[in-house]
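Here is how the chains run, residue by residue.
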Amino acid sequence: MEKFNYQNLEDLQKLARIQLKDEEKKDLLESLQKIVEYIDQLDSIDTKDVACCNHVSQVQNENVVRDDVVGELLSRETLLENAPDQIGGMIRTPPIMQD
Amino acid sequence: MDLYKLSAYELRNLFLDKKVKATEITEYFLKRIEKNNKKLGAFLTVLSERAMQKAKELDQKNAENKPMGRLAGVPIAIKDNTHIEKEITTCASQFLTNYKAPFSATAVKLLEEQDAILVGKTNLDEFAMGSSNENSSFYPSYNPWNLDCTPGGSSGGSASAVASRISLIATGSDTGGSIRQPSAFCGVVGFKPTYGRVSRYGLVAFGSSLDQIGPIATNVKDIGLTMEVLGKHCPHDAMSLEFPAESYIENLREDLSEITVGVPWHFLESLNKEAHDNFVQSIETMKSLGANIIDVNLDILKSSIAVYYILATAEASTNLARFDGIRYGVRSKDAKNLEEVYDLSRDQGFGYEVKKRILLGTYVLSSGFQEAFYKKAQKVRTLVIQSFDAAFSNCDCICMPTAPITSFKLGTFQDPIGMYLQDIFTISANLAGLPAISVPSGFDKDNKPFGLQFLGPQLHDAPVVSYAHAYEQATKFSSKIPPLFDKEF
């Protein structure tokens, strides 16, 4: 069986929330199969006792925190300028629940 | 006066000495952009009004002998995945054609504070995903040395603009080589700083553990000048390094005496003959400059592309989850309910390559595959870092070509792996967070530029730039201007 199959693609569409067009699916499936086969080469590398790299900086490894005070933020008006649809100072979306 | 032949450093000094006005400089470069941008596809937006407004302010300030910024009067282009307040940031995506940036990126703010003149936003692969600029959803960008060829990617527009001297400096962002590879392809200098050296605040995120903003310029000294402005701590980026800014210009070297350069010969075995010969010649130049050349083992880098396409897509799939058509961006007109707003906006807004990478990233993070792919890649990333640590215990810097080939014709790579393999020499600097610079190293038989790359340990940004300067001064390849653009207008 292929490492990456049509069912994987269907599942990923839901997880990634992208509804693919039918004409895109064939090409994406082939391309992703090739890539998955390629990245699978890592399996041959011995990583026993090797830790995951969770943090790339070698010179600054402390957690970065700041005082819990309200800073200067962008105004509501500024942020709403980019909203696709708005009403009464809020972002409007199509209905969330059906009747 | 042939202003386009000057370095940014020279142009600034000319302006400070009142030999040329900022308005003259700006009109001159806007005219060059107008004349050439159709051919090059380098700019997505030209900020004529903003630039002229800034120029007038600078002329006023200069006339009153007020203190001027370090980049006073220098035209600079910004990659269009980086915010300039009140201007559109498209990321070359149909998703963001209407997105007006509510604030400026820290990098942009620093450049403006130092009196740079922002002339426009440059073309890129959509969301910086690509190595040829063919993934721009508007139009591709072209290489000034050969207009049938790619300028590289993803910062292809920035490199194309600088190589053609329609802007003297441009910013780029580098997640797997997106500053260095286009710089090599276009015969200009590009620098990816240490991870955390330049703030990512206001850069649209791709792979957060890999992304870094950096400059592209016509010469190494201008890289230093720009880094002295950009390389500062910023509280808005949690990974921003809390170290003082470095001095680059006063530390530029003319030779490489007492410098040990590591070369991963075994890893470079597969280079084609022309690229190999060019690289060997660069090594000879470094020897003549006094460098001690040693062999280092970086064979693990053969796995770096696989590691990268797991980690970068995993990070991208989470970063790009924010584009949902709710708060900003283009919402699908076909959506009748909330679910469809997400599903259709993302299908219609994202291009093919972006969708592919989001799906791949989602796959490697999904239950059942995370251990085999994501965690495995994180472990191999550790091995990459350890290999570099071992190498740097014996040398000051490492040299490799920037790319395995020179610029290629648009449409050359139909196979995804073939295109991804072009990043083999650049990706490792991102995986290990290292500073790396690409500097022009000659031309192939078709007069297309080669690039040479210097990599150093983390925080050795200024030394890495200084080694590249010594090489540049000995070779002068960066002073070559593409013949098609070597005239004023």
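Look up: the structure comes first, before these words.
Each chain has its residues counted from 1, following the order in which its sequence is written. Written order decides the labels, with chains lettered from A and ligands numbered from 1. The predicted origin of the model limits local features to residues at a pLDDT of at least 70 and limits the giving and counting of side-chain atom pairs to 80 or more, whereas totals for whole chains, interfaces and linings rest on all residues.

### So, the pairing of strand 10 (residues 436-443) of chain B
Residue and element names in this part refer to chain B.
Alright, step 1. Using C-beta atoms placed from the backbone, we call a residue buried if 20 or more other C-beta atoms fall within 10 Å of its own, exposed if 12 or fewer do, and partly exposed for counts in between. Helix and strand assignments come from DSSP, with helices taken as H or I runs of at least 4 residues and strands as E runs of at least 2, each series counted from the N terminus. For strand 10, the buried fraction is high: six of the eight residues fall into the buried class.
Alright, step 2. Two strands are said to pair when DSSP picks up at least two bridges between them. Both strand 5 (residues 189-192) and strand 10 contribute to a ladder of three bridges, which runs antiparallel. The residue bridging Lys192 from the neighbouring strand is Ala436, located in strand 10.
Alright, step 3. Note: strand 10 against strand 11 (residues 449-455), six bridges, orientation antiparallel. The partner of Pro440 across the bridge, within strand 11, is Gly451.
Alright, step 4. Connecting strand 10 to the antiparallel partner strand 11 that follows it, the hairpin turn spans five residues, and Asn447 within it adopts a positive phi of roughly 60°.

### Overview of the packing of helix 9 (residues 304-319) of chain B against helix 12 (residues 371-392) of chain B
All names here are of chain B.
Alright, step 1. For every element, the axis is a line fit to its C-alpha atoms; helices are fit only across the contacting stretch, and the angle between N-to-C directions ranges from 0 to 180 degrees. The interhelical angle for the contact between helix 9 and helix 12, taken along N-to-C directions, is 125°, at an axis separation of 9 Å. Our classification of the angle between helix 9 and helix 12 gives oblique. The element helix 9 and its partner helix 12 pack so that their crossing is left-handed. In this structure, helix 9 contributes Ser304, Val307, Ile310, Leu311 and Ala314 to the contact, and helix 12 contributes Phe373, Tyr374, Ala377, Val380, Arg381 and Val384.
Alright, step 2. Throughout this entry, Asp, Glu, Lys and Arg are counted as charged residues, while Ala, Val, Leu, Ile, Met, Phe, Trp, Tyr, Cys and Pro are counted as nonpolar. The remaining residues, Gly among them, count as polar. In the contact of helix 9 with helix 12, the residues fall into nine nonpolar, one polar and one charged. Angles are sorted into four bins: roughly parallel if under 35 degrees, roughly antiparallel if over 145, roughly perpendicular if 65 to 115, and oblique for all others. By convention, the crossing between two helices is left-handed when the near helix turns anticlockwise from the far helix through less than a right angle, and right-handed when the turn is clockwise. Think of it this way: build a C-beta for each residue from its backbone, and any pair within 7 Å is a contact.

### Description of the interface of chain A and chain B
Alright, step 1. At the junction of the two partners, chain A supplies 45 residues and chain B supplies 58 residues.
Alright, step 2. The biggest single contributor to the side of chain A that touches chain B is helix 2 (residues 22-39) of chain A, with seven residues.
Alright, step 3. Looking at the side of chain A that touches chain B residue by residue, the classes come out as 27 nonpolar, twelve polar and six charged.

### A short note on the pairing of strand 6 (residues 213-217) of chain B
Residue and element names in this part refer to chain B.
Alright, step 1. Of all five residues in strand 6, five are buried, a share of seventy percent or more.
Alright, step 2. Relative to strand 6, strand 4 (residues 169-173) is paired through five bridges, and the arrangement is antiparallel. Looking across to strand 6, one finds that Gly172 is bridged to Gly214.

### A short note on helix 5 (residues 156-163) of chain B
All names here are of chain B.
Alright, step 1. In terms of burial, helix 5 is largely enclosed, as eight of its eight residues are buried.
Alright, step 2. For helix 5, every residue scored as buried is listed here: Gly156, Gly157, Ser158, Ala159, Ser160, Ala161, Val162 and Ala163.
Alright, step 3. One or two residues past the end of helix 5 sits Arg165, with phi positive at roughly 60°.

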